[in-house]
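Coordinate analysis (summary)
Next come the chains, spelled out residue by residue.
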Amino acid sequence: MSINVNGNPVELPGDPRVSLLDLLRERLLLTGTKKGCNQGACGACSVLVDGERIISCLALAVQYEGRSVTTVEGLAEDGALHPLQAAFIAHDGFQCGYCTPGQLCSALGMAAEARRGLPSAVTADLEADSMPLTRDEIRERMSGNLCRCGAHNGIVDAILDACAGGGR
Ligand code: FES
Ligand code: FES
């Protein structure tokens, strides 16, 4: 049984109780993905699975056999930051940085959801083919990713800058 992490095949643990978060952090030493609450409440452990955002603390690693996981370590390409990473720097989208890997992965998954036309609780036109990422939409759709430093205004600005135009 294997899983793909940031483009690399990885053997899944024999113990089916290992969470995806613990596989990433403790076995693969990909410590970019953070453990905040370990109970699905903070979003710090958000990663992408086949492009969709999940919270990895509530996921068992074996559930994702054959799937492709992207963590914050997999966002940069050829040594260049992902445009969203660069936007977080440009807009002061963090202070301590603990929530940032989860914010980045969640935002990318969130933007893809909006492009696919998945509505949020504040979407006015439920029939639209894709949902424009307004400030209110971003705030609502990112409400599962908490920032104890209170960098939310910069986070929203960064996402608006990098994702609202339909970027990757
Ligand atoms: S560590 Fe997973 S949601 Fe908080
Ligand atoms: S930057 Fe510190 S928790 Fe968000």
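Everything below is about the structure printed above this text.
Residues numbered from 1 in each chain as written. Chains lettered and ligands numbered in written order. Predicted model: local features only at pLDDT ≥ 70, side-chain atom pairs only at ≥ 80, totals over all residues. Heavy atoms only, no water.

**Looking at the overall build of the protein chain**
Check the secondary structure of the protein chain and you find 5 helices and 5 strands. Scanning the protein chain from its N terminus toward the C terminus, one meets helices and strands in the order β-β-α-β-β-β-α-α-α-α. If one aligns the C-alpha atoms of the protein chain with their principal axes, the spans along those axes are about 45 × 35 × 35 Å. In the protein chain, buried positions account for 44% of the 168 residues. (Helix = DSSP H or I, 4+ residues; strand = E, 2+ residues; numbered from the N terminus. Buried < 20%, exposed > 50% of the residue type's maximum accessible area, 1.4 Å probe, protein only.)

**Regarding the pairing of strand E4 (residues 52-55)**
The two faces of a sheet get side chains in turn, since along a regular strand they alternate between them. Where strand E3 (residues 46-49) meets E4, 4 bridges bridge the pair, whose relative direction is antiparallel. Bridging from a neighbouring strand, Ser46 pairs with Ile55 of E4. Joining the antiparallel neighbours E3 and E4 is a turn of 2 residues, in which Asp50 adopts a positive phi near 50°. (Pairing = 2+ DSSP bridges.)

**Details of helix H3 (residues 100-115)**
The α-helix advances 3.6 residues per turn, and as a result positions three or four apart in sequence lie on the same side. Look at H3: 22 Å from first C-alpha to last across 16 residues, which is about the 22 Å you get at 1.5 Å a residue. Counting buried positions along H3 gives 15 out of 16 residues, so the element sits mostly inside the fold. Within two residues after H3, Gly117 carries a phi angle of roughly 85°, on the positive side. (Expected span 1.5 Å × (residues − 1).)

**So, the packing of helix H2 (residues 83-90) against H3**
Running from N to C, H2 and H3 cross one another at 130°; their axes reach a closest spacing of 10 Å. One finds that H2 runs oblique with respect to H3. At the point where H2 passes H3, the crossing takes the right-handed sense. Judged by residue contacts, Leu84, Gln85 and Phe88 of H2 engage Thr100, Gln103, Leu104, Ala107 and Leu108 from H3. Broken down by class, the residue content of the contact of H2 with H3 amounts to 5 nonpolar, 3 polar and no charged. (Axes fitted to C-alpha atoms, helices over the stretch in contact; angles between N-to-C directions. Parallel < 35°, antiparallel > 145°, perpendicular 65-115°, else oblique. Left-handed = near helix turned anticlockwise from the far one by under 90°. Contact = heavy atoms within 4.5 Å. Nonpolar A, V, L, I, M, F, W, Y, C, P; charged D, E, K, R; others polar.)

**A few points about unusual backbone geometry**
Despite not being glycine, Asn6 shows a phi value in the positive range, around 50°. Residue position: Asn6 is located in the loop between strand E1 (2-5) and strand E2 (8-11). Backbone geometry at Asp78 places phi at a positive 50°, although glycine is not the residue there. On the basis of relative accessible area, Asp78 is assigned to the exposed category, the value being 85%.

**What about the state of the cysteines?**
Tallied over the full model, the rule gives 0 disulfides. Here Cys105 stays free of any disulfide, with the sulfur of Cys45 as its closest cysteine sulfur at 10 Å. (Disulfide = S-S within 2.5 Å.)

**Observations concerning the packing of H3 against helix H5 (residues 152-163)**
For the pair H3 and H5, interaxial distance at closest approach is 11 Å and the crossing angle is 45°. It follows from the interaxial angle that H3 and H5 lie oblique. Taken as a pair, H3 and H5 cross one another with a handedness that is right-handed. On H5, the residues that touch Gln103, Ala107, Met110 and Ala111 of H3 are His152, Ile155, Ile159 and Cys163. The residue inventory of the contact of H3 with H5, partitioned by class, reads 6 nonpolar, 2 polar and no charged.

**What about the pattern of salt bridges?**
Within the structure shown, the criterion is met by 8 salt bridges. The closest approach of N and O atoms between Asp15 and Arg17, which form a salt bridge, is 2.9 Å. Asp15 sits in the partly exposed class, given a relative accessible area of 26%. Close ionic contact of Asp22 with Lys35 constitutes a salt bridge, the shortest N to O distance being 2.8 Å. Remark: Lys35 occurs in the loop between helix H1 (20-27) and E3 and Asp22 occurs in helix H1; sequence separation between them is 13 residues. One salt-bridge network, held together by shared partners, links Asp22, Glu26 and Lys35. (Salt bridge = Lys/Arg side-chain N within 4 Å of Asp/Glu carboxyl O.)

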